[in-house]
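Notes for the structure review
Here are the chains, one letter per residue:
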Amino acid sequence: MSQTILILGACGQIGVELTEKLRTIYGTNRVIASDIRNGNTLSMSSGPFEIIDATNKEAILTVVKKYKVTQIYLLAAMLSATGESFPEKAWNLNMTSLLAVLDIAKEKHIKQVYWPSSIAVFGPTTPKNNSPQKTIMEPTTVYGISKLSGEFWCQYYHDKYDVDVRSLRYPGIISWKSSPGGGTTDYAVDIFFKAIEKGTYDCFLEENTRLPMMYMEDAIDATIKIMQAKSDDIKLRTSYNVSAIDFTPKELAVQIRQYIPNFSITYSQDFRQEIADSWPNTIDDSEARKDWGWSPTYTLSSMTEEIVKNLLAQKNQY
Ligand code: AKB
């Protein structure tokens with residue numbers, strides 16, 4: 001059956017690229033982009049766009065009815081670093097929006113929900129390497145607490161009300177078309193822009209901090225793949241671990257130097273170091289591979305090559 005999709009948070013880092021991809025798959029007019037305010041021009045101009053506050057259930061419902069929406073991708077969220085400055089706001093945005101969308105699905109206005117979780121559900125007591133799908137989870141950020149609670153709300157709505165909700169625990173997502181905002185893994189995007197602009201980058205994490213990461217192309221693929229999977233294949237209704245690559249700031253700098261030989265990096269740790277230290281180094285995603293056939297395409301080196309080449313081409317156009 002053909003889908004009509006509403007994206008909440010379409011002007012954010014993942015929203016911009018997901019909107020573009022879903023519009024090529026389902027057709028421009030079947031993908032309604034929305035955000036709390038005007039933002040990315042691509043998401044706004046390449047098809048229908050609505051202003052929606054994702055915490056306002058009635059506002060979401062009005063748009064769902066207007067376009068006969070069948071699926072919602074809820075991407076609006078406050079991430080780990082900003083969330084520590086505004087804990088109540090982070091909790092309110094992250095939980096109220098999720099419960100609003102789950103309720104809309106429970107009331108059968110839509111058929112399917114996508115909601116991202118994060119590696120932030122893990123904490124300092126989680127095994128650091130190959131963190132399992134099911135393990136000790138004691139998150140120390142309000143973002144992580146909201147994602148872990150959200151995962152159990154998803155499972156609850158699935159089990160009690162038959163809501164078809166699907167979720168991935170994203171690692172840090174690396175992109176060059178759109179910027180992240182307010183996360184601990186943002187350094188791995190900023191570094192590329194600064195390398196191209198200035199040839200130098202001051203990193204807010206220490207050089208050997210290893211974190212799980214994923215190139216945006218793979219993140220979009222994983223997202224669409226889990227949404228298109230047969231319902232019976234989705235065995236976990238909390239959220240799936242998904243893994244692709246892992247690296248440290250120092251290792252990323254070495255990769256970038258292959259294209260920008262004079263690139264230099266310095267380190268000035270801030271409060272985000274503690275958040276990064278509480279997260280896993282690497283993730284075990286065997287359940288996602290087994291249940292719905294997940295596997296990533298990009299390596300650290302192929303990702304770096306693609307990002308640097310695209311940013312250099314973009315720079316040379318201006
Ligand atoms: C963040 O750093 O907060 C996010 C995430 C890992 O969920 N990128």
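Please refer to the structure placed before this passage.
Here the structure is a predicted model, which means the values were calculated and not measured.

What follows concerns the environment of Q155. Within the fold, Q155 resides in helix α6 (residues 142-161). Classification of Q155 by relative accessible area gives partly exposed; the value is 28%. In this view, Q155 contacts R237 and T238; residues no more than four positions away in its chain are not counted.

Here we come to the site of the ligand. Inspection of the region around the ligand gives L79, S80, S118, I119, Y143, G183, T184, T185 and W279 as its neighbouring residues. At 2.6 Å, a side-chain N or O of S80 approaches an oxygen atom of the ligand. For the ligand, an oxygen atom lies 2.7 Å from a polar atom in the backbone of T184. Expressed as a share of its isolated accessible area of 250 Å², the protein-covered part of the ligand is 93%. Its atoms largely coinciding with the cavity grid, the ligand occupies the largest pocket. For the shell around the ligand, the per-class residue count stands at four nonpolar, five polar and no charged. A domain-level breakdown of the shell around the ligand finds at least three residues from each of domain 1 (5-172 + 214-241) and domain 2 (175-213 + 245-316).

This part takes up the pattern of salt bridges. Per the counting criterion, the structure on display carries 13 salt bridges. Close ionic contact of R210 with E251 constitutes a salt bridge, the shortest N to O distance being 2.7 Å. Of this pair, R210 sits in the loop between β10 (200-203) and β11 (211-215) while E251 is found in helix α9 (residues 249-257), placing the two residues 41 residues apart along the sequence. Residues K309 and E305 are paired through a salt bridge, measuring 2.7 Å at the closest nitrogen-oxygen approach. Here E305 and K309 lie together in helix α12 (residues 300-316), a separation of four residues that amounts to about one turn. Overall, K309 belongs to the partly exposed group, its relative accessible area being 48%.

Here we come to the sheet that holds β11. What holds strands together in a sheet is hydrogen bonding between their backbones, with the strands either parallel or antiparallel. Taken in spatial order, the three strands line up as β9-β11-β13 in an open sheet, and their pairing is mixed. A strand with exactly one partner marks an edge of an open sheet, and here the two such strands are β9 (172-174) and β13 (245-247). Taken pair by pair, the neighbouring strands of this sheet meet at an average axis angle of 45°, ignoring direction. Where β9 meets β11, three bridges bridge the pair, whose relative direction is parallel. What sits directly across from G172, in β11, is M213. Strand contacts of α12: β9, β11 and β13, with the helix running at about 85° to β13, the strand carrying the most contacts.

As a further point, take unusual backbone geometry. Residue K68 is not a glycine yet carries a positive backbone phi of 55°. Taking relative accessible area as the criterion, K68 reaches 66% and is therefore assigned exposed. Although it is not a glycine, D162 sits at a positive phi angle of roughly 60°. Take D162: it is sitting in the loop between α6 and β7 (164-166). According to the relative accessible area criterion, D162 is exposed, its value standing at 60%.

Let's shift gears to the layout of surface pockets. Put simply, the largest pocket is a space of about 1,100 Å³. Where the lining of the largest pocket is concerned, the elements lending two or more residues are α1 (13-26), β2 (31-35), α4 (80-85), α5 (87-106), β6 (117-118), α6 and β9. For the lining of the largest pocket, a count of residues per class yields 23 nonpolar, 20 polar and six charged. When we break the lining of the largest pocket down by domain, the ones giving at least three residues each are domain 1 (5-172 + 214-241) and domain 2 (175-213 + 245-316).

What follows covers the packing of helix α7 (residues 187-197) against α9. Between α7 and α9, whose axes approach to 11 Å, the crossing angle comes to 30°. When the axes of α7 and α9 are compared, the crossing they make is right-handed. Across the interface between the two elements, Y187, A188, I191, F192 and A195 from α7 touch P249, L252 and I256 from α9.

Reading the values: rules and limits
Residues numbered from 1 in each chain as written. Predicted model: local features only at pLDDT ≥ 70, side-chain atom pairs only at ≥ 80, totals over all residues. Heavy atoms only, no water. Helix = DSSP H or I, 4+ residues; strand = E, 2+ residues; numbered from the N terminus. Buried < 20%, exposed > 50% of the residue type's maximum accessible area, 1.4 Å probe, protein only. Contact = heavy atoms within 4.5 Å. Near = heavy atom within 4 Å. Polar contact = N/O pair within 3.5 Å; in protein donor to acceptor, adjacent residues only side chain to side chain. Areas by Shrake-Rupley, 256 points an atom, 1.4 Å probe, with all protein chains shown as cover. 1 Å grid on protein atoms, 1.4 Å probe; cavity = no way out; pocket = protein on both sides within 12 Å on 5 of 7 lines; lining within 4 Å. Sits in = over half its atoms within 2 Å of the grid points. Nonpolar A, V, L, I, M, F, W, Y, C, P; charged D, E, K, R; others polar. Domains from an automatic or database assignment. Salt bridge = Lys/Arg side-chain N within 4 Å of Asp/Glu carboxyl O. Pairing = 2+ DSSP bridges. Axes fitted to C-alpha atoms, helices over the stretch in contact; angles between N-to-C directions. Points joined across faces, edges and corners; volume = space filled by probe spheres on them. Left-handed = near helix turned anticlockwise from the far one by under 90°.

Keep in mind these values describe shape, not function.
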